[in-house]
Amino acid sequence: MAGDKLQVTFEADGSLSAPLTLFYPYNRTLGTTVARFLSSLADKRIEGTKAQDGRVFVPPAEFDPSTGTPLTEWVQVGDEGTVVQWSWQPAPFEDNTLDQPFAWALILLDGADVPMLHAVQAKAAATMSIGMRVKAVWAEDRTPEISAIRCFEPVGG
Amino acid sequence: MRDVAIVAFSEGPVTFGSTSTPVEMIVPTVHDVLKQAGIERTDVDFWCHGSCDYMTGQPFSFVSAVDALGAWPPIIESHVEMDGAWALYEAWIKIQTGEAEVALVFGNGKSSAGDMNRALSLQQDPYTVAPLWPGMTAMEGLGACAALQAGTVTERQMAEAASRARRDGAKNGNVLVSGNESADELLSRPVTAAPFRDHDIPAMADGVSAVIIATGDVAKKIAKRPAWIRAIDHRIDHQNLGWRDLARSTSAAIAASEVGVHKDKVDVAELHTTFSHHEQLLINALQLRPDATSITPSGGALVGNTLMAAGLSRFGHAARSIFSGSADRAVAHAQQGACLQQNIVAVLEGN
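Q: How should I be thinking about the overall build of chain A in this particular structure?
A: Secondary structure summary: chain A contains one helix and ten strands in total. Put simply, chain A runs from its N terminus to its C terminus through helices and strands in the order β-β-α-β-β-β-β-β-β-β-β. Relative to the compact-globule value of 15 Å for 157 residues, chain A shows a C-alpha radius of gyration of 20 Å, a clear excess of over 25%. In terms of overall dimensions, chain A has a C-alpha envelope of 65 × 40 × 30 Å along the principal axes. Here chain A holds 157 residues, and 38% of them are scored as buried. Within chain A, contacts between residues separated by at least 24 positions form 47% of all contacts whose residues are at least 6 apart in sequence.

Rendered as structure tokens:
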């Protein structure tokens, strides 16, 4: 980061400190399963894989959790679902898809058998409840990433 | 199997905002544990370290930690990218293979180097979860929500766990937070990160802990009353929170069953409770009877969560209850990952 000035701070005990911001820039091949899942998100479709016992996994399981068999049967699920569990984020991180306090939820999408984690845009913790219905809000500029779904929002506002 | 015992334990100061390097933090604690055991560093056959490069901010940071041990004459050492409790497990295996008689195990971490709540998002799936940055507290909140909904943990039990941790922390002294509030007082405080109140969330801390384990006759020479590791086992649940039953800790229950926690009385159980609801989940999984067992008398990680060391500290404090004679049979537990994903359980006995 040539040209950036190092921000050195004098601590109370006489030591010096300077920030060190770590990041991990890498590109990896996603593999066929995750690649298909994330690509479908960019096309506003949510897809999962069907395990041998019939359960639909979203995000997709690459291998059957019980038998280890590669899973290749795909199922499109709904972009609406039910909140199974939730918790409140009072102070969002800068990397979150929402910049105001919001909820996290494990959401059982219609047609899926395993809930997936995502953010829920809610006015207050008091408006959240187990069993509430939520719907995906798609990001305007979608790349094949989980954040192609910007968040979920309560059905009916 | 060879008889192996914990024979010494030292815990460095539990602080937040240390300006020391990892080596500077480790040296005094390693010296202290050797002093307690009355042995020299050259008596140690195997060194094993638990820490996290990501927290240190430097790849292979554990290599520089060897400076704290003294690398000449050459030593045999290893490292796990896990809490020190898992380093203890590796050292225990090393002794079982006959390659060592005495091992020094240590774990260290400096939570204050960054925002650990945010950073621990990176323990999750790198494509479908981590890029959303859910954070440790929010993920644990989902687990607590599941447990409260299923009735495996109650809000009162969470407050009681926090209340006891704060009282026991005051007695311990080497913790970040303490207090004398009753469970009722804690319950009257506001919910800040639903379902949590502030006291349900761990106080992140910087710290080091070190333990010496030794086999048979060597252990008897070092300690008046060694804490014999009768059984030790570790298990793991799936990483994906949606695939697991968060209302119970399946892997902790398997590990506890494997080591036979329930087969006899348990005088002391040092549980690695980082969030208040973990305590009841672990009591359920380990089938403990709180009326007959002293639960985490050290105060535990809720009042000073020295990431990468707090689990090993639980082993150390459980062993201390054997050293002092206050317990004949103790259980040590450590965990890692979101929502009790990985659990290690050991039974320690004085006789």
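Q: What exactly am I supposed to notice about the packing of aromatic side chains here?
A: Given two aromatic rings, one states the distance between the centres and the angle between the planes to describe the pair. Residues and elements named next belong to chain B. Under the counting rule described, the total for this entry stands at five aromatic pairs over all chains. Their ring planes at 35° and their centres at 5.1 Å tell us that Phe196 and Phe275 sit as a pair that is tilted. One end of the pair, Phe196, is in strand β6 (residues 196-197); the other, Phe275, is in the loop between β9 (268-270) and α11 (276-286), with 79 residues separating them in the sequence. Judged by relative accessible area, which is 0%, Phe196 ranks as buried.

Q: Is there a simple way to think about the domain arrangement of chain B in this case?
A: Think of interface size as the accessible area that goes away when the parts come together; that is how it is often given. Residues and elements named next belong to chain B. Considered domain by domain, chain B is made up of domain 1 (4-115 + 204-227) and domain 2 (136-199 + 228-349). Measuring from the centre of the C-alpha atoms in domain 1 to the corresponding centre in domain 2 gives 23 Å. Each partner contributes to the interface: domain 1 provides 47 residues, whereas domain 2 provides 37 residues. At the boundary of domain 1 with domain 2, total buried surface from both sides reaches about 3400 Å², with 67% on carbon and sulfur atoms. Counting the contacts that link domain 1 with domain 2 gives one salt bridge. One salt bridge connects Asp328 with Arg225, and the closest N-O pair in it is separated by 2.7 Å. On the surface where domain 1 and domain 2 come into contact, there are 18 residue pairs in polar contact (both at pLDDT 80 or more). Listed by contribution, the elements that provide at least two residues to the side of domain 1 that touches domain 2 are β1 (4-11), α4 (84-96), β4 (102-110), β7 (204-215) and α9 (216-222).

Rules behind the numbers
- Residues numbered from 1 in each chain as written.
- Chains lettered and ligands numbered in written order.
- Predicted model: local features only at pLDDT ≥ 70, side-chain atom pairs only at ≥ 80, totals over all residues.
- Heavy atoms only, no water.
- Helix = DSSP H or I, 4+ residues; strand = E, 2+ residues; numbered from the N terminus.
- Rg over C-alpha atoms; globule rule 2.2 N^0.38 Å.
- Buried < 20%, exposed > 50% of the residue type's maximum accessible area, 1.4 Å probe, protein only.
- Contact = heavy atoms within 4.5 Å.
- Phe/Tyr/Trp six-rings, centres within 6.5 Å; stacked < 30°, edge-to-face > 60°.
- Domains from an automatic or database assignment.
- Buried area = accessible area lost by both parts, 1.4 Å probe.
- Salt bridge = Lys/Arg side-chain N within 4 Å of Asp/Glu carboxyl O.
- Polar contact = N/O pair within 3.5 Å; in protein donor to acceptor, adjacent residues only side chain to side chain.

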